[in-house]
Amino acid sequence: MRDVYIIGIYGTPVRKYMDIGFKELTRRAFMGAIEDAGMENGEDIQLCYFSNTGAFTFNQYYLQGQAFTIPLKNEGLLQARVPIFNVEGGCASGSIAVHNAWKDILSGQSEVTMAIGIEKMYHPDGIGVTLDAVAKAEDNEGSAEWRDLLQKAARAADSDIRFGPDRSIAMDFYALLAKEHMKKYGTTQTHIAHAASKNHKNSLNNPRAQYHFDMTVEDVLKDRMVSWPLTRAMCAPIGDAAAAAILCSGDYLRSIPSGVRERAVKIRASAFAGGVFHRQSLDDRASAAAAARAYQMAGIKPSDIDVVELHDATSIAEILIVEDLQLCRPGQGGPFTASGATRIDGDVAVNTSGGLVSRGHPVGATGIMMLNELSLQLRGEAGANQVKDVELALQENGGGFVGMDVAVCSVMILERAV
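Residues numbered from 1 in each chain as written. Predicted model: local features only at pLDDT ≥ 70, side-chain atom pairs only at ≥ 80, totals over all residues. Heavy atoms only, no water.

**Quick notes on the side chain of N52**
Within the fold, N52 resides in the loop between strand 2 (47-51) and helix 2 (64-68). Taking the relative accessible area as the measure of exposure, N52 reaches 6% and is therefore buried. In terms of polar contacts, N52 uses its side chain to reach the backbone amide nitrogen of G54, at 3.2 Å. A distance of 2.9 Å separates a polar side-chain atom of N52 from the backbone nitrogen of A55. Discounting residues that sit within four places of it in the chain, N52 has contacts with F22, Q64, V87, E88, I118, E119 and G364. (Helix = DSSP H or I, 4+ residues; strand = E, 2+ residues; numbered from the N terminus. Buried < 20%, exposed > 50% of the residue type's maximum accessible area, 1.4 Å probe, protein only. Polar contact = N/O pair within 3.5 Å; in protein donor to acceptor, adjacent residues only side chain to side chain. Contact = heavy atoms within 4.5 Å.)

**Focus: helix 8 (residues 189-203)**
Taking 1.5 Å of rise per residue, the 15 residues of helix 8 would be expected to cover 21 Å, and the 22 Å separating its terminal C-alpha atoms lies within 8% of that figure. Within helix 8, 12 of the 15 residues are buried, which leaves the element mostly enclosed by the surrounding structure. Three or more residues of helix 8 are buried, namely Q189, H191, I192, A193, A195, A196, S197, K198, N199, H200, N202 and S203. (Expected span 1.5 Å × (residues − 1).)

**Things to note about the side chain of R208**
Tracing the sequence through the fold places R208 in the loop between helix 8 and helix 9 (217-222). Setting aside residues no more than four positions away along its own chain, R208 makes contact with G11, T12, P13, V14, R15, R359, N372, E373 and L376.

**Description of the pattern of salt bridges**
In this structure the tally under the stated criterion is 25 salt bridges. Where R285 meets E323, a salt bridge forms, and the shortest distance between an N and an O atom there is 4.0 Å. In this pair, R285 is assigned in the loop between strand 8 (265-274) and helix 12 (286-298) and E323 in helix 13 (residues 315-324), connecting sequence segments 38 residues apart. Pair check on accessibility: R285 and E323 agree, each one buried. In this structure, D324 and R285 form a salt bridge, with 2.8 Å as the shortest nitrogen-oxygen distance. Within this pair, whereas D324 is found in helix 13, its partner R285 is found in the loop between strand 8 and helix 12, the two being separated by 39 residues in sequence. In this structure D324 comes out as buried when scored by relative accessible area, which is 4%. A relative accessible area of 10% means that R285 is categorised as buried. Sharing partners across several salt bridges, the network here consists of E24, R27, R28 and E75. (Salt bridge = Lys/Arg side-chain N within 4 Å of Asp/Glu carboxyl O.)

Okay, here's the thing in structure tokens:
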């Protein structure tokens, strides 16, 4: 198998970009990655994957990548004939773009590929447009069957679940997962608050983060309730951002200046798993399956991982996923987090960026933004949030829902190349 490296990667800050369009955000991500790779332009890029989920709310229903890169091609920054493939997989869209760019190099079809992810979630007509768009990710044809499944799961957890235009089905779904975990393992709302508090603290020193304010565990618990036991501080906000990554083969890497080679990040594994509608047990999740595949592909153990960026769309997700990644025993994600084991100076640093709940979650860009944060860690360029002696990093990025599972999940393992 050929080796594949990230030689350029960049993510914009997560913000409300009301006066900046998709094309300008695409340009910023593209030029940031080009500069990071030490390139003058993108003439060596042979293939490009473009991820986005919500441009249709701005009337760009199809061919988003082709439309948003027109200025780059017209100005000769990207070759006019470079094919662009649009991908969509909910919140995992950016990771799917990188995975495809990685496979093209593995196959020998390309020496240099690019993945770009972009999202504008703040809509001029209000947040209702965004929430309606997110709701369209539900299996609309089979919505009655899915909602019946959720109702049964809620009753089994001694709870209920409500549906309606004033509700966020995503937050209610995560709240149900929390209630299940609480009933089976004794996880508490305070355990969940520890994860949220840690990530708000981590975002203070991240210039790309959407939020820059500290929250104690008590602050998190006192915040406005979204869907019990999840308060607002435990839930990822909407946000606008763009990110891009340039991948290359080992042969190409050896042909470029040493200054770029020394900052390269090797992709040791890129594994995916799909969700199942009827899971076998409470702990049967796509993230666990993807993690097992990634560890096998990389030939490492969970204890070898130094730093993790994972998909905390809500903070209960972090509790569940540290278990799925085998960083602690099943059912122990809450106490493990509350113990400080996942802090920057803990046993394994989790979401040093602030995670989705504080760095932000611009859906189509999120997967690539996670890889950017991990690349900075591996290069020793993470500033005040730098973890000591990082050798191996892991990204977990889930997208959408199928039954009581995420629809698709990515786990990538990165390694410092030099």
